[in-house]
Amino acid sequence: MTAIVKHRLFWPAVVLVLLLVSNVFFAPRFFTITLQDGHLYGSLIDVLRSATPLALVALGMTMVIATGGIDLSVGSVMAISGAVACLFIGDLSDQGSVAGVLLAVGLALVLSLVAGIWNGVLVSVIGIQPIIATLILMVAGRGIAQLLTGGQIINVSSPPFRVIGAGYALAIPVSVIIVAVVVAAAVLLIRRSALGVLVEAVGASPTASRLAGIRSRGLTIMAYMFAAVCAGIAGLIFSSNVASADSNAAGNLIELDAILAVVIGGTALTGGRFSIAGSVLGAVLISALDITTYTIGVPAETTLLFKAVVVVILCLSQSAAFRAAVFRRRRTPAVTPAAEVPA
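Residues numbered from 1 in each chain as written. Predicted model: local features only at pLDDT ≥ 70, side-chain atom pairs only at ≥ 80, totals over all residues. Heavy atoms only, no water.

Enquirer: Looking at this model, I keep getting lost on unusual backbone geometry. Mind explaining?
Expert: With a phi close to 55 degrees, leucine 170 is a non-glycine residue in the positive phi region. Mapped onto the fold, leucine 170 is located in the loop between strand E4 (168–169) and strand E5 (172–173). Of the residues examined, leucine 170 reaches a relative accessible area of 82% and is grouped as exposed. In this structure, alanine 171 is a non-glycine residue whose phi angle is positive, near 75 degrees. Tracing the backbone shows alanine 171 in the loop between E4 and E5. (Helix = DSSP H or I, 4+ residues; strand = E, 2+ residues; numbered from the N terminus. Buried < 20%, exposed > 50% of the residue type's maximum accessible area, 1.4 Å probe, protein only.)

Enquirer: Would you mind showing me how to read the packing of helix H3 (residues 43–66) against helix H12 (residues 254–264) here?
Expert: Two measures define how a pair of helices packs: the angle their axes make with one another and the distance between the axes. With their axes 8 Å apart at the nearest point, H3 and H12 run at an angle of 65 degrees to one another. Our classification of the angle between H3 and H12 gives roughly perpendicular. Here the hand of the crossing between H3 and H12 comes out right-handed. On the side of H3, the interface is formed by Pro53, Leu54, Val57, Ala58, Met61, Thr62 and Ile65, while H12 contributes Ile254, Glu255, Asp257, Ala258, Ile259, Ala261 and Val262. (Axes fitted to C-alpha atoms, helices over the stretch in contact; angles between N-to-C directions. Parallel < 35°, antiparallel > 145°, perpendicular 65-115°, else oblique. Left-handed = near helix turned anticlockwise from the far one by under 90°. Contact = heavy atoms within 4.5 Å.)

Enquirer: It is not clear to me how helix H5 (residues 98–126) should be interpreted in this structure. Could you clarify?
Expert: Note on helix geometry: an α-helix contains 3.6 residues per turn, so any two residues three or four positions apart are oriented the same way. For H5, which comprises 29 residues, the first-to-last C-alpha distance of 41 Å matches the rise-based estimate of 42 Å (1.5 Å per residue) to within 8%. Residue glycine 127 follows H5 closely and has a positive phi angle near 90 degrees. (Expected span 1.5 Å × (residues − 1).)

Enquirer: Would you mind showing me how to read the packing of helix H4 (residues 74–90) against H5 here?
Expert: At a closest axis distance of 8 Å, the pairing of H4 and H5 adopts a crossing angle of 150 degrees. Relative to H5, H4 is oriented roughly antiparallel. The two elements H4 and H5 cross, and the hand of that crossing is right-handed. Residues Val77, Ser81, Val84, Ala85, Phe88 and Ile89 of H4 pack against Gly100, Val101, Leu103, Ala104, Leu107, Ala108, Leu111, Ser112 and Ala115 of H5. Tallied by class, residues from the contact of H4 with H5 come to 12 nonpolar, 3 polar and no charged. (Nonpolar A, V, L, I, M, F, W, Y, C, P; charged D, E, K, R; others polar.)

Enquirer: Explain a nonpolar patch on the surface here, please?
Expert: A contiguous nonpolar patch, built from Val17, Val21, Val24, Phe25, Phe26 and Phe31 and spanning about 580 Å² of accessible area, is present on the exposed surface. Looking at the secondary structure, you find phenylalanine 26 in the loop between helix H2 (10–22) and strand E1 (34–36). (Patch = residues over 30% accessible without salt bridge, like charges linked within 9 Å, V, L, I, M, F, W, Y side chains within 5 Å. Areas by Shrake-Rupley, 256 points an atom, 1.4 Å probe, with all protein chains shown as cover. Salt bridge = Lys/Arg side-chain N within 4 Å of Asp/Glu carboxyl O.)

Enquirer: Would you mind going over the confidence of the model for the protein chain with me for this structure?
Expert: Do not read the predicted coordinates in detail wherever pLDDT is low. With 92% of its residues at a pLDDT of at least 70, the protein chain reaches an overall mean of 86. The secondary structure element of the protein chain with the lowest average pLDDT is helix H15 (residues 320–331), at 66, and the one with the highest is H5, at 94. (pLDDT = per-residue confidence, 0-100.)

Enquirer: Any chance you could explain the nonpolar core here in plain terms?
Expert: One broad trend across soluble globular proteins is that nonpolar side chains are buried collectively. Membership of the largest hydrophobic core comes to 73 residues, with the highest contact counts inside it found for Met61 and Phe161. Among the elements that take part in this core, H3 stands out by supplying 13 residues, more than any other. Not counting residues up to four positions away in its chain, the partners in contact with methionine 61 are Ile70, Asp71, Val74, Ala227, Glu255, Ala258, Ile259 and Val262. Ala79, Val84, Ala145 and Ala250 belong to the second largest nonpolar core, which has 5 residues in total. (Core = buried A, V, L, I, M, F, W, Y, C linked by side-chain atoms within 4.5 Å.)

Enquirer: Whenever I open this one, the packing of aromatic side chains confuses me. Can you help?
Expert: Each pair of aromatic rings is reported with the distance of its centres and the angle of its planes. Counted according to the given criterion, the structure contains 2 aromatic pairs. Taking the centre distance of 5.4 Å and the plane angle of 85 degrees together, the rings of phenylalanine 30 and phenylalanine 31 count as edge-to-face. Residue class for phenylalanine 30 comes out buried when judged on its relative accessible area of 2%. Taking the centre distance of 5.9 Å and the plane angle of 50 degrees together, the rings of tyrosine 41 and tyrosine 168 count as tilted. Separated by 127 residues along the polypeptide, tyrosine 41 in strand E2 (residues 39–41) and tyrosine 168 in strand E4 bring together distant segments of the chain. You can call tyrosine 41 partly exposed: its relative accessible area is 34%. Residue tyrosine 168 is classed as buried on the basis of its relative accessible area of 19%. The ring of phenylalanine 274 has arginine 191 sitting right over it, with the charged end atom 3.8 Å from the ring centre. (Phe/Tyr/Trp six-rings, centres within 6.5 Å; stacked < 30°, edge-to-face > 60°. Lys NZ or Arg CZ within 6 Å of the ring centre and 35° of its normal.)

Have a look at this one:
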C-alpha cells in the first residue's frame, strides 16, 4: 500500500476520481453509459472525447519537455492543420470523397511535420532558446492560419472528414481510438526501446549525452517533430468535430493546459524523467475538471479561479515534502514537562 501511495500517479488518480464522484451530487446519472444506435453515450464518454485533443498535444509536449525544451507553438500548429485540411476539402468537387479527405489529412500532417522540423532546427542547430524559438512559430503560425482562411471560419460538409472528430467505430468515438493508437505506438517506440532512455539522457544533460556519443541534436529535432504531428492530429480532430476551420479558436491557449497536464503527470520540467501515462491522465483530469465546473454550476466568472484552486491542491498533494511536513506535524506527540526530581 505504501508503494502505491508513493507512486507519482496515485494523487492525480485520486483527484480525478474525486472530481468524477462530485458530479454525482449534481447529476445523479453522471456515471450512466447507454448504448444507442450502436454508439456509447454518457458523461464519461464526453470527458474522454473532450480530452482527446489535449491528450495528443500533452503527449507531444511530454517528449519535448523530456529533452529539456518547451513548445509554445502547438496551438498554432493545430490551427494551421485544421485550416489546410478544411481549405483543401472545401475546394473538392465532391467533399464526400474518401481519397480527397485522406489527401487533405496527409497534407495537413506534412505541414505540421515541417513546423516541427523548423522548431527543432532553431533549438538544436541554431541554438535559440526553446521558449523563444517556439514563440516565433506561436505568433507566426497563428498568422499563417488566419492568412490561409482570410480571417474567416471555413465550413465544410464532408461526412468522411466528420468521422475523425465526431464519428464512432465499434461503439467508441473515433477520436478516442486515434488517441489510443498514438499513445500505444509511442509507448512501443519510446518506452519499449532504448529511445526513451536516450531522450531522458539528453534532457538530463545534453553535454554529457553528446560526449557519450548520443546524437542529441537529432533526438531533439525528432521530439519537436513528434510534438508537431501530435498537434496536427489534434487540430484535425478539433476541426472535424466542429466541421469548420476557426483559426482563432483552434488550439487557443492549449499549450498552457498541455504543460499543466504534463506537470500533473509527473514529468520534470527540467528535462529527463517523463511519463506518457501521466500526461494522458493529466489531460483527462483537466477535461474532467472543465466538465465538473459546468456540472456543479460554478459561475463563469470564477471558473478559472476554481480550476486554479483544484490545481494547487493537486500539486500540494503530489509534493512529498508537503505531505511529510503535514503528517509529521500531526504525528508529533505533545511534549510533557519532565517530572521534578525531589531534592
